[in-house]
Amino acid sequence: MEFSTISVDASPSHSHSLIPPVGNLPAELLIEMFAFCAAEDPLAPLTLGTVCRFWKKVVDESPRVWQVVILDDKRYISASQSQAKLWISRSAPLQLDVKLHVEDANNTLPLLAPFLPVLHRWRRLTISGAREESIRLSDTFSRLDTLNDLSISVYDDEDATDACRSTFVQYSPLWPNRMVMNIWLTKLPHAESMIPLQFTSLSITEQSPLTTQPDPTAVLGLLKSCPQLESFTLSGWMEAENYRYHPLPVVSLPRLHTLHLRRTTLTRAILSHIDAPVLSKLYLANLNISHRISPEYLEPGDSEDEAHDYSQSPWSDQATGMGLRNLIARCNPPLKALEMDYSDMRTKDFIYVFDHLTELEDFLIVASDMSNTVIRLLKPYDEAADPCLSPAPSLTVRLPHLRNLELYNCHRISGDAIVETLMQRVKYTDRFAPEDTMEEVIIADCEQFNYQHQDMLSKEMGLRFKMD
């Protein structure tokens, strides 16, 4: 290709007219130049806007210039979050490219948090530094109304590099339009670094035994940042570290309906410090431990169990029981399902819980040291405290809406106590409360429950009684 030669008089009198200054370039060309600069320099739009009034006007009124957001965790997290909010506002309604450079993976969630409410505008996410990832999000998020699920995996420093690297994955093949956001940390973020998140489902899992001590403050702080939460799962932190007890904040979770606590010594701290007035399903699993749980609490109910029933895990029994008592006392949630899998309470706690959970329909317990005293709480009883005031028997039952009862590996309950309790209860509810009578009872691997007991219950309950 040949270029024609243009003769230019380089004298001062002609240079200004032949070569226009940058300030005279059309706005459309300036926008493209500024966008190119903004893709390389994280604060370029702010810098360019200081050159002159015209450039500032072009920058401020051109969403194209603000489409690329570059954040670095070397700055204060709060400063980066403010930058993100400004870029999100100025770039609307265009799509966004988000570039994060994080040397500390624990900063990933706080830095991404401002973008979550506008996920439908995300075009690409690029992460560099402690971990590398680049994904195109526009196709995926165009099908979503919102991102509801957050999964946090907490690793020890040595294991963190082995973690899966996909920040966004499909929830299930059966839910093609539902995505989960995965975050990998070595410790939970401080509450001060978090802004409100709109997730409705949160899972926190300790993936490897950590050298750091369990800290309920961090868990409660994260819960506080998720006020729309409907389902929460905590799994991990079984070590009984001697952290010092201090007053913990009460977190309001007005929409929480499902709670899972597994393999953790933080049961009491969590249950005692959430306000969950619509909680209907509570699942407790693998909470039994034989060693003492610190710190010491001095609350009403912490006294010795008046029943003096034997327990293989007295400290965790007390922690679980006191957590449930505190939860019930605070907000009296309408629990309909309670599962206690290798999780137990003291007899005094069972009494309190059975007296207050008037909406409970499903109760499952595995490997409990519960005694005959506990199972007999389910028998009809005379609610008149003083026979002189009510000479005629006035029977009622605890857990009046209980329909499904499952007992597994409960070796300290006698077969006679189980049969006596269930036969009396079923006879009473079948006659006086048929809408709330037992629908299914499963007794499995309870040592003192033999074939004779099975026959007796089968005759009384028919197909409602099952041996798993």
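Residues numbered from 1 in each chain as written. Predicted model: local features only at pLDDT ≥ 70, side-chain atom pairs only at ≥ 80, totals over all residues. Heavy atoms only, no water.

Taking an unreviewed UniProt entry as the reference, the protein chain is identified by name as F-box domain-containing protein belonging to Lentinula lateritia.

1. A closer look at the overall build of the protein chain
Each helix and strand in the protein chain was counted, giving 14 helices and 20 strands. Counting all 468 residues of the protein chain, 50% fall into the buried class. Taking the intrachain contacts of the protein chain between residues at least 6 apart in sequence as the baseline, contacts between residues at least 24 apart amount to 75%. Looking at the protein chain as shown, the accessible area adds up to about 23,200 Å², and 52% of this sits on carbon and sulfur atoms. (Helix = DSSP H or I, 4+ residues; strand = E, 2+ residues; numbered from the N terminus. Buried < 20%, exposed > 50% of the residue type's maximum accessible area, 1.4 Å probe, protein only. Contact = heavy atoms within 4.5 Å. Areas by Shrake-Rupley, 256 points an atom, 1.4 Å probe, with all protein chains shown as cover.)

2. Remarks on the sheet that holds strand S2 (residues 96-102)
Ordered by their spatial adjacency, four strands build an open sheet running S1-S2-S3-S4, and the pairing between neighbours is mixed. The open sheet has two edge strands, strand S1 (68-72) and strand S4 (133-136), and neither has a second partner. Ignoring which end each strand starts from, the neighbouring axes of this sheet average 10° apart. The pairing of strand S3 (residues 122-129) with S4 spans four bridges and is classified as antiparallel. Considered in S4, the bridge of Leu-125 is made with Ile-135. Along the sheet, helix H5 (residues 77-91) contacts S1 and S2; its crossing angle with S1, the most-contacted strand, is approximately 180°. (Pairing = 2+ DSSP bridges. Axes fitted to C-alpha atoms, helices over the stretch in contact; angles between N-to-C directions.)

3. A few points about the pattern of salt bridges
Counting across every chain of the model gives 21 salt bridges. Across the salt bridge formed by Arg-90 and Asp-60, the nearest N and O atoms sit 3.1 Å from each other. Here Asp-60 lies in helix H4 (residues 53-60) and Arg-90 lies in helix H5, a separation of 30 residues in the sequence. Residue Lys-466 pairs with Glu-440 through a salt bridge whose shortest N-O separation is 3.2 Å. Taken together, the residues Lys-466 in strand S20 (residues 465-466) and Glu-440 in strand S19 (residues 440-444) connect sequence positions 26 residues apart. Accessibility expressed as a relative area gives 25% for Glu-440, which makes it partly exposed. Look at the salt bridges and you will find they share partners, linking Lys-336, Glu-359, Glu-361, Arg-403, Asp-436 and Glu-439 into a network. (Salt bridge = Lys/Arg side-chain N within 4 Å of Asp/Glu carboxyl O.)

4. Looking at the pairing of strand S15 (residues 362-366)
With four of its five residues buried, S15 lies for the most part within the structure. Bridging between S15 and strand S18 (residues 404-408) involves five bridges; their strand directions are parallel. Residue pairing for S18: Asp-362 is matched across the bridge by Asn-404.

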